[in-house]
Amino acid sequence: MSGINFDINTEGLDVVRHLQDQVSGRTFLITGPSEGGLGAETAISLAHGNPALLIFVGRTLSKIQPTIDAVHAVNPSIAVKFVAADLTSPNSVREATREILNDASITHIDVLINNAAVMACPYERTVDGFELQFATAHLGHFVLTNHILPKLRASAGAAKPQTRIINLSSLGNTLGGIRWDDPNYTKRPEEYKAWEAYGQAKTANVLFTLALNKRLLAAKTGIRSYALHPGGIHTPLLRHMNDELWEELKQRLGMTEEFPLKTLQQGCATTLRAALDPELEKQEDGVFLSDCQFTKDPKIVAPRALDEGDAERLWRLSEELVGEKFEL
């Protein structure tokens, strides 16, 4: 396709306008599209492409309603459904997926965007004993994705645009790997460091993408998954940030200057290209995007995050933690 340069400056609306035929009439599910965040900007951008249905999964309707209103301000005819789920709780996620699976008006889902996350928060464990960042960014999406696969498979077909599962990771994957023997810091809570825990969660997003693609391909589903770094963006995700955490982040990343921030529109562009662009299918080994392009730069995606063996190991660990095995 011609007419657009995909790079650091590309905006979400540019992507949607360029790939409107990949949006029009299709169904998208986005987790965590709360006001002012990347998920909300992604949804509002999609609204300009005339999707048939947007499904928003979030903890409370009050947090999501401004995004629903913004979508309808762009196009009042777009159907929007809100499904309540606490991504830190596998049982809550299972209940939400039952609602989705049993909803006859949701015949299929074309694109799943696993967007929700928390970042660099103080140490906290969920009611199930999971570390909060790991639970929100990875375990909740692991359960959600596996349970709603029937709706995604209902979309997949040779004559249709490719069905996709998008997992928002981050450059933060370089900050820490998986703590295989103690992912929730239950054995050694004193070792908790906010950025290392964030690194674990974002590494998990990439490893999950690898393991998922292996299964989707083996089952001949026609579905593809991508992970990505959206860039640094000033969103509510930064609510736990203070001067000390900023300085620690710069040191860990080896930065000597201020952290460059994108606009929300620039930030959602990589998500949207990953979700929509059929050109990506040509690069069969492409899995991780940054600035709207595939990359294997170790400064952006750590080699350990692209390790196929670790991807399988994380799948098994995740099944063990949530108490459920998944076969495609």
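For the structure itself, consult the block above.
These figures come from a predicted structure and were not determined experimentally.

Caption draft 1: Spotlight on the overall build of the protein. Across its full length, the protein holds nine helices and eight strands. Over its C-alpha atoms the protein spans a radius of gyration of 18 Å, differing by no more than 12% from the 20 Å that the globule rule assigns to 328 residues. Counting only C-alpha atoms and orienting by the principal axes, one finds that the protein spans roughly 50 × 45 × 40 Å. The proportion of buried residues among the 328 residues of the protein is 58%. Put simply, of all contacts in the protein between residues at least 6 apart along the chain, 78% involve residues at least 24 apart. Of the accessible surface of the protein, which amounts to about 13,600 Å², a share of 49% is contributed by carbon and sulfur atoms.

Caption draft 2: How the structure looks around the pairing of strand β4 (residues 111-114). Here β4 shows no split at all, with Val111 and Ile113 on one side and Leu112 and Asn114 on the other all buried. Two strands pair when backbone bridges link them, and strand β1 (residues 27-31) and β4 are joined in this way by three bridges, in the parallel orientation. Bridge pairing links Phe28 to Val111 in β4.

Caption draft 3: How the structure looks around the environment of Leu207. Inspection of the secondary structure puts Leu207 in helix α6 (residues 194-218). Between the C-alpha atom of Leu207 and that of Pro303, which follows or precedes it by 96 residues, the distance is 11 Å. In this structure, Leu207 is in contact with Ile178, Arg304, Ala305, Leu306, Asp307, Asp310, Ala311 and Leu314, ignoring residues within four places of it in sequence.

Caption draft 4: Spotlight on the environment of Lys262. Mapped onto the secondary structure, Lys262 falls in the loop between α7 (243-253) and α8 (264-276). On a C-alpha basis, the gap between Lys262 and Val57 in space is 25 Å, while along the polypeptide they are 205 residues apart. Within polar-contact distance, the side chain of Lys262 engages the side chain of Asp291 at 2.8 Å.

Caption draft 5: Broad picture of the nonpolar core. Of all hydrophobic cores here, the largest spans 46 residues; its most connected members are Leu29, Ile100, Ile109, Ile148, Leu152 and Ile165. Looking at this core, the elements with two or more residues in it are β2 (53-58), α4 (90-101), α5 (132-153), α6, β6 (223-229) and α9 (308-322). Once residues lying within four places of it in the same chain are set aside, the contact partners of Leu152 are Ile109, Asp110, Leu112, Thr163, Arg164, Ile165 and Ile223. Core analysis: the next-biggest nonpolar cluster, separate from the first, contains 35 residues, Leu46, Leu228, Leu280 and Phe294 among them.

Caption draft 6: Region of the structure containing the layout of surface pockets. By volume, the second largest pocket amounts to about 520 Å³. Around the second largest pocket, the lining is made up of 23 residues, and of these Asn213, Leu217, Ile223, Arg224 and Glu284 lie nearest the centre. Of all elements in the fold, only α6 and β6 reach the threshold of two or more residues within the lining of the second largest pocket. For the lining of the second largest pocket, the element with the highest residue contribution is α6, accounting for five residues. For the lining of the second largest pocket, the per-class residue count stands at nine nonpolar, six polar and eight charged.

Caption draft 7: Representation of the side chain of His108 in the model. By the element assignment, His108 lies in the loop between α4 and β4. Ignoring anything within four residues of it in the chain, the contact list for His108 reads Thr27, Lys151, Ala154, Ser155 and Lys160.

Caption draft 8: Structural detail: the packing of helix α2 (residues 38-47) against helix α3 (residues 61-74). Taken N-terminus to C-terminus, the directions of α2 and α3 make an angle of 20 degrees; their axes are 8 Å apart at the nearest point. Judged by the inter-axis angle, α2 sits roughly parallel to α3. The handedness of the crossing between α2 and α3 comes out as right-handed. Residues Ala40, Ala43, Ile44 and Ala47 of α2 pack against Thr67, Ala70, Val71 and Val74 of α3. Here the contact of α2 with α3 is composed, by residue class, of seven nonpolar, one polar and no charged.

The rules we used
Per chain, residue numbering runs from 1 following the sequence as it is written. Only residues with pLDDT of at least 70 are given local features in this predicted model, and only at 80 or more are side-chain atom pairs given and counted; all residues enter the totals for whole chains, interfaces and linings. Hydrogens are left out, water is left out, and the side-chain values use all remaining heavy atoms of the structure. Numbering of helices and strands runs from the N terminus; a helix is a DSSP stretch of H or I covering at least four residues, while a strand is a stretch of E covering at least two. Note that the radius of gyration is over C-alpha atoms, with the globule rule given as 2.2 Å times the number of residues to the power 0.38. Whether a residue is buried, partly exposed or exposed follows from its accessible area with a 1.4 Å probe, protein chains only, as a fraction of its type maximum: under 20%, in between, or over 50%, in that order. Should any heavy atoms of two residues lie within 4.5 Å, those residues are counted as being in contact. The accessible surface values rely on the Shrake-Rupley method and a 1.4 Å probe; as for residues, cover is taken only from the protein chains in view. Pairing between strands is defined by DSSP: at least two bridges between them are needed. Pairs of N or O atoms are called polar contacts if they sit within 3.5 Å, as long as, within protein, a hydrogen donor faces a hydrogen acceptor (for residues adjacent in sequence, only side-chain-to-side-chain pairs). Take the buried Ala, Val, Leu, Ile, Met, Phe, Trp, Tyr and Cys residues and link them wherever side-chain atoms come within 4.5 Å; each set so joined is a nonpolar core. Definitions used throughout: a 1 Å grid over protein atoms alone; a cavity as a set of points that fits a 1.4 Å probe which cannot get out; a pocket as an open set with protein on both sides within 12 Å along at least five of seven lines; a lining residue as one with an atom within 4 Å of a point. Grid points are joined across faces, edges and corners, and a volume is the space filled by probe spheres set on the points. Lys, Arg, Asp and Glu make up the charged group, whereas Ala, Val, Leu, Ile, Met, Phe, Trp, Tyr, Cys and Pro make up the nonpolar group; the residues left over, Gly among them, are polar. For helices, the fitted axis covers only the stretch in contact; all axes are lines through C-alpha atoms, and the angles between them, taken along N-to-C directions, range from 0 to 180 degrees. Small angles under 35 degrees read as roughly parallel and large ones over 145 as roughly antiparallel, with 65 to 115 read as roughly perpendicular and the rest as oblique. For any pair of crossing helices, the crossing counts as left-handed if the nearer helix is rotated counterclockwise from the farther one by less than a right angle, and right-handed if it is rotated clockwise.

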